[in-house]
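# Fold and contact review
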Amino acid sequence: MKQENKFWLFAIACTLFTTTIVVSLAVLFRRQLDPHQHQILIEIFKTQFWYFFSTGVFLSAAFGFTLDWFFRFYIIPLNQLIDETRVMNTVNPVHRIKIDGSREVKTLAELINSLGDQCEAAKHNLDQTIESAKAKTEAEKNILATIMAELTQGALICDTVGRILLYNREAQRVLNKVQQPIEEDRLEDEKGTETDGFIGLYRSVYSLIDIELVQHALKDIQRKMNEKKESVSSHFVLVTRERRRLRVETLPILDEDKCFAGFVLLFTDITHELEQADQLDSYLKKMAKSLRSRIAAIRSVVDLMIQFPEMESREKEDFLGIIASETEILSRLLDTKLNRTNHYAKSSWPLSPILATDFVLTLKSESIAISNMLVEVAYCDSRCMILVDHYSLVLALQFVLECLKKEWGVTCNRIRLTAPGNLVQMDFIWQGAPVTIETLRQWNERSIILPKSEYPLSLKELLAHHNAEIWPHTEDPSGNENCLRLFIPRVNSKREKEDVRKVAVLPKSRPDFYDFDLFNQAGQTPEIEARLLGALTYTIFDTETTGLDPRSGDEIISIGAIRVVNGRLLHTETIHQLVDPNRLIPPESYKFHGITDKMVKGKPTIEKTLSFFHRFAKNTVLVAHNAAFDMRMLQMKEKKTGIRFINPVLDTMHLSAVLHPSHQDHDLDAICQRFGVRITKRHDALGDAIVTGEVFLKMIPLLNNKGIFTLKEALVASQRTYYAKKKY
Amino acid sequence: MVKKILIVDDEPSITVPLTFLMEQNHFKVMVVHTGEDALNAIDHFQPDLVLLDVMLPTIDGFQVCQNLKSNPKCTTTKVIFLSAMTRDIDLAKGNTLGADAYITKPFSNADVVKQIIDLLF
């Protein structure tokens with residue numbers, strides 16, 4: 001309630017009370033008088049009316065002034081005293097009370113200040129002791145953090161539901177680059193790819209990596225653990241949208257009860273190695289082909305000349321000409337190509353050995369389309385092994401079956417497995433027309449896209465990594481039964497042992513670096529409003545605009561945002577973007593934000609920036625100072641961009657009013673001063689967002705003191721405050 | 001009756017000596033250098049046997065073979081691949097398409113002649 005209202009309520013209550021007493025006394029007094037005395041009293045009252053009247057007026061005035069004085073010098077200062085003492089007691093111990101009021105209140109304030117000083121001194125001593133004890137731990141922690149940061153492999157640690165608890169720089173580099181300022185082309189590039197996510201604490205890893213891939217790896221690990229295998233890691237290849245190939249090793253993290261507590265993903269970029277291997281391979285193939293053709297010609301000619309020594313001279317000349325030109329070409333080949341041969345790396349697309357029969361059976365169980373197919377294992381050693389990247393090869397075959405069905409109009413009804421010689425053949429058989437080589441070649445060039453998942457490599461590239469090919473074959477002489485045959489090399493025995501990765505078990509006491517305690521954090525609760533303020537993920541943001549009236553065409557020219565996860569501001573996960581407003585920036589707004597027309601020229605438009613910001617803020621609570629204004633700005637663009645911000649919103653201005661109702665001033669500067677937050681760059685979108693974030697984090701414990709714990713409670717309290725009624 | 005042989009290869013250094021070899025062995029020879037020409041020649045020349053290179057511009061040897069084997073007029077026509085592609089998979093691909101033999105380059109003249117005689121007589 002506002003101070004003024006309180007005052008009037010108080011004044012009316014006092015007046016009513018006093019009037020009641022006076023009136024009751026008067027009534028009692030009148031009852032004691034006989035009619036004669038009563039007559040005399042009225043007489044006296046009539047003659048002395050002005051005396052009585054002025055006495056009444058003076059008394060009321062004196063009463064009113066006293067009341068006001070009492071309120072101003074006792075009630076208000078005491079309320080402020082409570083608020084400020086609470087600030088000292090919680091978020092800002094160095095805050096000192098400076099209030100105007102009665103002598104007693106001032107003395108009380110001084111006493112509280114001196115208590116604060118003593119407390120501060122005591123705390124300082126304590127802090128120093130703790131600090132020195134912590135320094136040792138810190139050093140050890142830093143070593144670990146440095147090792148993580150400098151790992152040449154990218155590392156992601158996730159909890160059971162796939163939230164990222166820790167990542168290192170290399171993981172960020174290979175997966176994305178969130179915190180760099182967004183460039184025009186990058187925005188362009190990411191437009192319309194809603195599924196493409198960010199790497200960040202507490203964000204879902206499944207926005208970066210197809211959930212199927214990870215699930216497959218986890219299943220593989222579970223199987224290995226069940227079989228009590230020595231190595232429990234699982235590998236897969238992740239192809240990014242930029243067609244980078246990452247070899248991903250998945251390792252489980254187990255808690256003390258040996259239950260899944262999360263998993264580690266280690267990324268190695270093998271694009272370069274694979275490219276080199278491919279180059280070498282194609283070079284070798286080309287080389288072999290040229291050599292063979294040339295030698296074939298020479299050999300054939302020489303044979304003929306030996307066999308028919310008496311051939312005509314013209315023919316002999318032709319033949320000698322061929323030998324000469326072919327040997328010439330051969331020497332040139334050797335001179336140029338062979339000298340350029342480098343030592344290329346061996347292909348390192350990780351393939352795992354599997355029994356061919358097992359592969360067919362899992363393929364069958366994982367593809368609904370062929371689940372009722374007949375599998376026929378003919379002339380095949382049951383121990384016959386092949387090397388596969390299970391996930392991608394299954395996808396490739398599902399893709400082929402899909403193509404057959406949709407484009408060739410045939411449905412396979414039988415799989416046959418044979419293994420003549422060094423190749424394993426998997427035949428997918430149907431009754432109907434044979435597929436032409438040309439059609440097959442077209443399918444080969446396409447990226448593997450299925451209704452549910454896709455893989456950014458072409459069928460041909462993927463098969464090439466397996467040294468496999470798909471080829472048409474006609475079954476019977478009538479030509480009615482046809483099949484596509486997958487050729488894949490067979491491996492005879494078990495290859496050299498895989499690198500052994502033993503299972504990691506977490507110790508009983510959790511290591512105290514980063515956010516491992518997130519393993520047991522709330523967040524499983526579906527209702528976001530019911531979640532505790534300290535457990536939510538926030539995007540704190542601020543906008544700079546050309547003016548203060550969005551309805552008359554003022555536009556956003558800068559957006560700054562920072563993420564808060566688990567009560568920490570993440571300075572590596574920010575947005576700081578200038579926006580081209582497509583209008584002139586009025587000079588009177590320039591003096592606030594210092595942004596000129598020249599600075600925003602050629603920057604991304606609001607549509608692109610909002611699309612980026614929308615994805616950045618997905619699944620978080622938005623926080624801003626005077627959020628009503630910023631939200632209105634975003635809302636104005638809703639129709640044009642189709643981007644709607646449905647995130648819950650908290651406003652630090654409302655929250656300040658909730659916390660300190662007796663203070664009139666709730667602008668960001670005043671709050672910062674109250675909370676002891678240092679302002680570095682005021683009226684800079686990111687600077688303000690960071691300051692707002694710091695203020696917000698200090699507010700959470702104060703809100704808790706007031707019995708406000710959940711998001712819902714904070715929203716309800718905000719709504720009640722006076723400022724919430726202000727509309728933009 | 002003289003048997004007819006169609007030689008399909010885009011490199012004259014292969015076709016010239018092969019033609020000579022076939023003529024010396026009393027075969028009637030026709031030479032073409034592309035897949036399209038090969039398909040035409042199969043229709044008009046009606047060869048008893050085709051010596052087929054795999055790597056040809058536009059329509060390759062595999063396609064020619066698939067086409068030939070599905071042509072009802074050519075049920076008795078034999079196909080021998082002559083190819084510089086020598087992986088197991090390449091041989092398997094040829095055989096899968098119904099080729100009668102797959103000879104890898106470089107080859108010996110005697111082997112080629114022997115294969116042809118085995119297939120035709």
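Quick note: structure is the one above.
Residues numbered from 1 in each chain as written. Chains lettered and ligands numbered in written order. Predicted model: local features only at pLDDT ≥ 70, side-chain atom pairs only at ≥ 80, totals over all residues. Heavy atoms only, no water.

### Focus: the overall build of chain B
The number of helices and strands found in chain B is 5 helices and 5 strands. Overall, chain B shows an N-to-C arrangement of helices and strands of β-α-β-α-β-α-β-α-β-α. In chain B, buried positions account for 56% of the 121 residues. Taking the contacts inside chain B whose residues are at least 6 apart along the sequence as the reference set, 60% of them involve residues at least 24 apart. In the structure as shown, chain B presents an accessible area of about 4,900 Å², 53% of it carried by carbon and sulfur atoms. (Helix = DSSP H or I, 4+ residues; strand = E, 2+ residues; numbered from the N terminus. Buried < 20%, exposed > 50% of the residue type's maximum accessible area, 1.4 Å probe, protein only. Contact = heavy atoms within 4.5 Å. Areas by Shrake-Rupley, 256 points an atom, 1.4 Å probe, with all protein chains shown as cover.)

### Observations concerning the interface of chain A and chain B
The figure often quoted for interface size is the accessible area lost as the parts come together. Each side of the interface is counted separately: chain A has 35 residues, and chain B has 28 residues. Regarding the contact of chain A and chain B, the summed buried area is about 2,900 Å², with carbon and sulfur atoms giving 62% of it. On the chain A side of the contact with chain B, K289(A), R292(A) and W471(A) bury the most area, a combined 20% of that side's loss. Applying the counting criterion to the chain A and chain B interface returns 4 salt bridges. Where E469(A) meets R87(B), a salt bridge forms, and the shortest distance between an N and an O atom there is 2.8 Å. Linking chain A to chain B there are 14 residue pairs in polar contact (both at pLDDT 80 or more). Those elements that place two or more of their residues in the side of chain A that touches chain B are α8 (271–307), α9 (313–336), α12 (437–445), β13 (469–474) and β14 (481–491) of chain A. Looking at the side of chain A that touches chain B element by element, the count peaks at 14 residues for α8(A). The residue makeup of the side of chain A that touches chain B, split by class, is 16 nonpolar, 7 polar and 12 charged. (Buried area = accessible area lost by both parts, 1.4 Å probe. Salt bridge = Lys/Arg side-chain N within 4 Å of Asp/Glu carboxyl O. Polar contact = N/O pair within 3.5 Å; in protein donor to acceptor, adjacent residues only side chain to side chain. Nonpolar A, V, L, I, M, F, W, Y, C, P; charged D, E, K, R; others polar.)

### Quick notes on the environment of H660(A)
All names here are of chain A. Relative to the helices and strands, H660 is located in the loop between α19 (652–659) and α20 (668–675). When the C-alpha positions of H660 and D83 are compared, they lie 6.1 Å apart, and in sequence the two are 577 residues distant. Apart from residues no more than four positions distant in its own chain, H660 is found in contact with D83, V87, H666, R674, F675 and L702. A polar contact of 3.4 Å, which involves the side chain of H660, links it to the side chain of R674.

### A short note on the side chain of N444(A)
All names here are of chain A. Counting through the fold element by element, N444 comes out in helix α12. Residue N444 is classed as buried on the basis of its relative accessible area, which comes to 15%. What N444 contacts, discounting residues up to four positions off in sequence, is S458, L459, K460 and L463.

### Some remarks on the packing of α20(A) against helix α21 (residues 685–705) of chain A
All names here are of chain A. Interaxial distance between α20 and α21 falls to 10 Å at its minimum, and their mutual angle equals 50 degrees. The angle between the axes of α20 and α21 places the two elements in the oblique class. The interaxial crossing formed by α20 with α21 has left-handed handedness. On α21, the residues touching L668, I671, C672 and F675 of α20 are D688, V691, T692, V695, K698, M699 and L702. Its residues assigned to classes, the contact of α20 with α21 comprises 8 nonpolar, 1 polar and 2 charged. (Axes fitted to C-alpha atoms, helices over the stretch in contact; angles between N-to-C directions. Parallel < 35°, antiparallel > 145°, perpendicular 65-115°, else oblique. Left-handed = near helix turned anticlockwise from the far one by under 90°.)

### Thoughts on the pattern of salt bridges
Residues and elements named next belong to chain A. Across all of its chains, the model carries 35 salt bridges over all chains by this definition. For R223, the salt bridge is made with D220, and the minimal N-O distance between the two is 2.6 Å. Here the residue R223 and the residue D220 both occupy positions in helix α7 (residues 211–226), the gap between them amounting to 3 residues, near one helical turn. On the basis of relative accessible area, D220 is assigned to the buried category, the value being 16%.

### As for the pairing of β14(A)
Residues and elements named next belong to chain A. Within β14, 9 of the 11 residues are buried, leaving the element largely enclosed by the surrounding structure. Direction of pairing for strand β8 (residues 385–388) relative to β14: antiparallel, over a ladder of 2 bridges. If you follow I386 over to β14, its bridge partner there is R490. One ladder, built from 9 bridges, connects strand β10 (residues 423–431) with β14; its direction is antiparallel. Note that in β14 the partner of W430 across the bridge is N482. Across 6 bridges, β13 lies against β14 in antiparallel orientation. In the sheet register, E469 faces β14, and the bridge partner there is F487. Hairpin geometry of β13 and β14 is characterised by an intervening segment of 6 residues between the two adjacent antiparallel strands and by a positive phi of about 80 degrees at G479. (Pairing = 2+ DSSP bridges.)

### Concerning the nonpolar core
Residues and elements named next belong to chain A. Counting residues in hydrophobic clusters, the biggest one holds 110 residues, and the most contacted among them are L156, I209, F267 and Y455. Two domains each donate at least three residues to this core, and these are domain 2 (151–270) and domain 4 (352–491). In this structure, F267 is in contact with Q153, G154, A155, L156, V174, L175, I209, L238, L246, R247 and V248, ignoring residues within four places of it in sequence. (Core = buried A, V, L, I, M, F, W, Y, C linked by side-chain atoms within 4.5 Å. Domains from an automatic or database assignment.)

### Quick look at the sheet that holds strand β5 (residues 101–104) of chain B
All names here are of chain B. Read across the sheet, 5 strands follow the order β2-β1-β3-β4-β5 without closing on themselves; strand pairing throughout is parallel. Across the chains shown, the open sheet's two edge strands, defined by having one partner strand only, are β2 (28–32) and β5. On average, each strand axis in the sheet is tilted by 20 degrees relative to the strand beside it, whichever way the strands run. Where strand β1 (residues 4–8) and strand β3 (residues 49–53) come together, 4 bridges link them in parallel fashion. Bridge pairing links L6 to V50 in β3.

### So, helix α4 (residues 88–96) of chain B
If you check which residues of α4(B) are buried, you get I89(B), D90(B), A92(B), K93(B), G94(B) and T96(B). G98(B) lies just past α4(B) and shows a positive phi near 95 degrees.

### Here we look at a nonpolar patch on the surface
Residue and element names in this part refer to chain A. Together, F29, I40, L41, I44, F45, F49, W50, Y51, F52, F53 and V57 give the surface a local cluster of nonpolar side chains, amounting to about 1,100 Å² of exposed area. Looking at the nonpolar patch, the elements that each hand over two or more residues are α2 (35–47) and α3 (49–89). With respect to the helices, strands and loops of the structure, F45 is situated in helix α2. (Patch = residues over 30% accessible without salt bridge, like charges linked within 9 Å, V, L, I, M, F, W, Y side chains within 5 Å.)

### A short note on α20(A)
All names here are of chain A. Across the 8 residues of α20, 6 count as buried, placing the element largely inside the fold. When α20 is considered as a whole, its buried residues turn out to be L668, A670, I671, C672, R674 and F675. Elements in contact with the buried residues of α20: α3, α19 and α21. Backbone geometry just downstream of α20 places G676 in the positive-phi region, at approximately 65 degrees.

### Examining the sheet that holds strand β18 (residues 568–578) of chain A
All names here are of chain A. Reading across from one edge, β18-β17-β16-β19-β20 is the order of the 5 strands in this open sheet, with mixed pairing throughout. Bordering the open sheet on either side are β18 and β20 (649–651), each of which pairs with just one other strand. Neighbour to neighbour, the strand axes of the sheet diverge by 25 degrees on average, direction disregarded. Note: strand β17 (residues 556–565) against β18, 8 bridges, orientation antiparallel.

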